[in-house]
Protein chains: 2
Amino acid sequence: MSAATILHDRGVIARYRAFLPCIGPQTPVISLNEGSTPLIHSPKLSALLGRGAQVYLKYEGLNPTCSFKDRGMTVAVSKAAEAGAQAVVCASTGNTSAAAAAYAARARLGSIVLLPAGKIALGKLVQAFAYGSKVIAIEGNFDDALRLVRELGEDRTSGIAVVNSINPFRLEGQKTASFEIIEELGEAPDVHFLPVGNAGNITAYWQGYREWHALGKAGRLPRMAGVQAAGAAPIFHDRLVEAPETVATAIRIGNPASWDGARAALRESGGHIDAATDAEILHAQAWLAREEGIFAEPASAASVAGLLRAHAGASTAFPLASLPEGASIVCVLTGHGLKDPEIAKAGLPEIRTVRAEKAEILRAMGA
Amino acid sequence: MSAATILHDRGVIARYRAFLPCIGPQTPVISLNEGSTPLIHSPKLSALLGRGAQVYLKYEGLNPTCSFKDRGMTVAVSKAAEAGAQAVVCASTGNTSAAAAAYAARARLGSIVLLPAGKIALGKLVQAFAYGSKVIAIEGNFDDALRLVRELGEDRTSGIAVVNSINPFRLEGQKTASFEIIEELGEAPDVHFLPVGNAGNITAYWQGYREWHALGKAGRLPRMAGVQAAGAAPIFHDRLVEAPETVATAIRIGNPASWDGARAALRESGGHIDAATDAEILHAQAWLAREEGIFAEPASAASVAGLLRAHAGASTAFPLASLPEGASIVCVLTGHGLKDPEIAKAGLPEIRTVRAEKAEILRAMGA
């Protein structure tokens, strides 16, 4: 096999083209070799649950822009390039804008990020700027930004493709994470925990599991266990949240774009939706880093927070006791902890200074 | 194959155990599924070089702690655990402390980071803290911290294992990146560009290439092209640098621990050592993000800065014209751009605010 053949076989479009009907032979493949993220076994969560349960963490923070968004963006930007777009546009403060900017750069397309003036946290936009996005502030709120994004996309003469979550190609790419989990475990897991904000990911994972189950590549379907942040839990409460608030900014959504998809995934899979407090989410984030050596952004830790709530028997959580002995459980970690260093910095301890002597160090270590 | 078998086959010890003689059947494998990082083709660098050259970027920033250090740390911490250590210690402000902390957490070992008081940039230590390291400031300079680390390691009763670069197991793990490149290209590249600071990585890559060449797994050996930062270029100048200074903090080293290894790699491979200015390094970093959609920390970009210098015919650089038509060139990107967001933030532009109207956005985009 030639070098080119092997290299081409990386990235989710190359690996899963047969399962992405939107990708045709004429579609240019805009890829950064996303996907193929590790499924890391968690001995400590497994032991905590007992009864032979095996817990795995799908570490999506090891995608090229350090979040799961890359899976969808490779498909969305490839389709934009195929359609002859000159630029992509989104309204996003975080992971979506980073992924859009990176793939647009790769495709030689422009990228524009629209945001409400006065609400722009520069730290969150470091990646968008690094990848060369043009950030434009508008006089208005986030809904105004989204409305403008739609208007720009509907204008066929603008040459602008919308890559916000209304872009249907993104879910196509995101479903490939389910394929990887099935490949690695040799079967779908019993339960799949994941954070739920805009609900695109739970919709996409469920679609991926269903498709490969229908093809016989998995012998069963998992129960989907969605976890929202308590301050941004519209699906959990079954009502819009006007002013969503949570430390897990990546899931701070009051009116999820894929609400229907989430509802279907929960109903069809016999799943559950739960809500974890910010304290529970931050605890899960710190626990993962200190106990398993895995640093994930706060929103990511919502999946593990949900598992810990279920284990603790929190009333609305997933009934773990109903699972068989030796159940396999996957928790998705959607983004890397380095995405949100401010949160981690907030908890930095005082550092003690000692004399440069071995005995002093040993004493300080014990203290 | 059972699920456990497949999962175990991830991480560099699992994949390359046969080539890691220090790993015995009794060694506990402490892994975060590091390695298997993407080798991303760079169409734009390839086109720039012309003559059919193919340039690939080995994106080591997609290791679990976002730098190549994880490859060595999985071996070093596994050996520490095998030896019964209670804790690991290092003197490091950056990537080494992050990797040490993560693998120690995974192994249930303590981790200690020693640093000179008054020189501690908290932003660089976010990961060490997140993974639960104890950071101790000492009255003294970095050399004092290194001396103390050695003293702690030499005290057999302390139960402390040193994981600074004097730990020989780290190079064993780091050499596995060469194996992956050979596997993916089907052959060793013609030239291998990489940043050189402490010189452990150039030593390890060269060792890996030599070992697999000797086994017949590669038909040739690459020429090693090391790139130092101009303000921290002891190997380039062949003299100690008392006060190294560069924006590329990960290679800000005046007295490399693996100087001899670097010298041997350069001599034996027919390679070259070059020095790139901070301006050239930052230009390469920005270029990579904006043109290829790949965000790497400044030190990482030194490899590409070296390639661009060679292309421009900078006097001391690698003679690209001596390469055959269709040469393959690998540049290593040692860490992710999110490792050093302060550098990127320094260049953030002003953001323009416009009215929330489509025409205004289109006008702002053109501007």
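Residues numbered from 1 in each chain as written. Chains lettered and ligands numbered in written order. Predicted model: local features only at pLDDT ≥ 70, side-chain atom pairs only at ≥ 80, totals over all residues. Heavy atoms only, no water.

Novice: Tell me about the packing of aromatic side chains, and name the residues and values.
Specialist: By convention here, two paired aromatic rings are described through the distance between centres and the angle between planes. With the rule as written, the count across this model stands at 15 aromatic pairs over all chains. Relative to Trp212(A), the ring of Tyr16(A) has its centre 6.0 Å away and its plane inclined at 70 degrees; by these criteria the two rings are edge-to-face. With Tyr16(A) in helix α2 (residues 12–16) and Trp212(A) in helix α10 (residues 200–214), the pair connects residues that are 196 residues apart, well separated along the chain. For Trp212(A), a relative accessible area of 4% puts it in the buried group. Between Tyr131(A) and Phe295(B), the aromatic rings sit 5.9 Å apart at their centres with planes inclined by 70 degrees, giving edge-to-face as the arrangement. Taken together, the residues span two chains, with Tyr131(A) in the loop between α6 (126–130) and β5 (134–139) and Phe295(B) in the loop between α13 (278–292) and α14 (298–312). Residue Tyr131(A) shares its accessibility class with Phe295(B), and that shared class is buried. Aromatic ring contacts, followed pair by pair, group Tyr16(A), Phe19(A), Phe179(A) and Trp212(A) into a single cluster. Here the guanidinium or amino end of Lys217(A) rests over the ring plane of Trp212(A), the centre of that ring lying 4.7 Å away. (Phe/Tyr/Trp six-rings, centres within 6.5 Å; stacked < 30°, edge-to-face > 60°. Helix = DSSP H or I, 4+ residues; strand = E, 2+ residues; numbered from the N terminus. Buried < 20%, exposed > 50% of the residue type's maximum accessible area, 1.4 Å probe, protein only. Lys NZ or Arg CZ within 6 Å of the ring centre and 35° of its normal.)

Novice: If you had to explain the sheet that holds strand β4 (residues 110–116) of chain B to someone new, which residues and values would you point to?
Specialist: Taken in spatial order, the 5 strands of this open sheet run β11(A)-β5(B)-β4(B)-β3(B)-β6(B), and their pairing is parallel. Each edge of the open sheet carries a strand with a single partner, namely β11 (352–355) of chain A together with β6 (160–162) of chain B. Adjacent strand axes in the sheet meet at a mean angle of 35 degrees, parallel and antiparallel pairs treated alike. As defined by bridge partners, β4(B) adjoins strand β5 (residues 134–139) of chain B across 5 bridges and the pair is classed as parallel. Across the sheet, residue Pro116(B) finds its bridge partner in β5(B), namely Ile138(B). Taken strand by strand, helix α7 (residues 142–154) of chain B contacts β3 (87–90), β4, β5 and β6 of chain B, and its axis lies near 150 degrees from that of β4(B). (Pairing = 2+ DSSP bridges. Axes fitted to C-alpha atoms, helices over the stretch in contact; angles between N-to-C directions. Contact = heavy atoms within 4.5 Å.)

Novice: Give a detailed account of the interface of chain A and chain B, specifying residues and quantitative values.
Specialist: Chain A puts 84 residues into the contact, and the matching count from chain B is 83 residues. At the boundary of chain A with chain B, total buried surface from both sides reaches about 7,200 Å², with 66% on carbon and sulfur atoms. Per-residue buried area on chain A facing chain B is highest for Arg106(A), Leu338(A) and Ile351(A); these three make up 9% of the total on that side. Linking chain A with chain B are 6 salt bridges, by the criterion used here. Across the pair Arg106(A) and Glu292(B) runs a salt bridge whose closest N-O atoms are separated by 3.0 Å. Applying the counting rule to chain A against chain B returns 22 residue pairs in polar contact (both at pLDDT 80 or more). Examining the composition of the side of chain A that touches chain B, we find that 6 residues originate from one element, β5(A), more than from any other. (Buried area = accessible area lost by both parts, 1.4 Å probe. Salt bridge = Lys/Arg side-chain N within 4 Å of Asp/Glu carboxyl O. Polar contact = N/O pair within 3.5 Å; in protein donor to acceptor, adjacent residues only side chain to side chain.)

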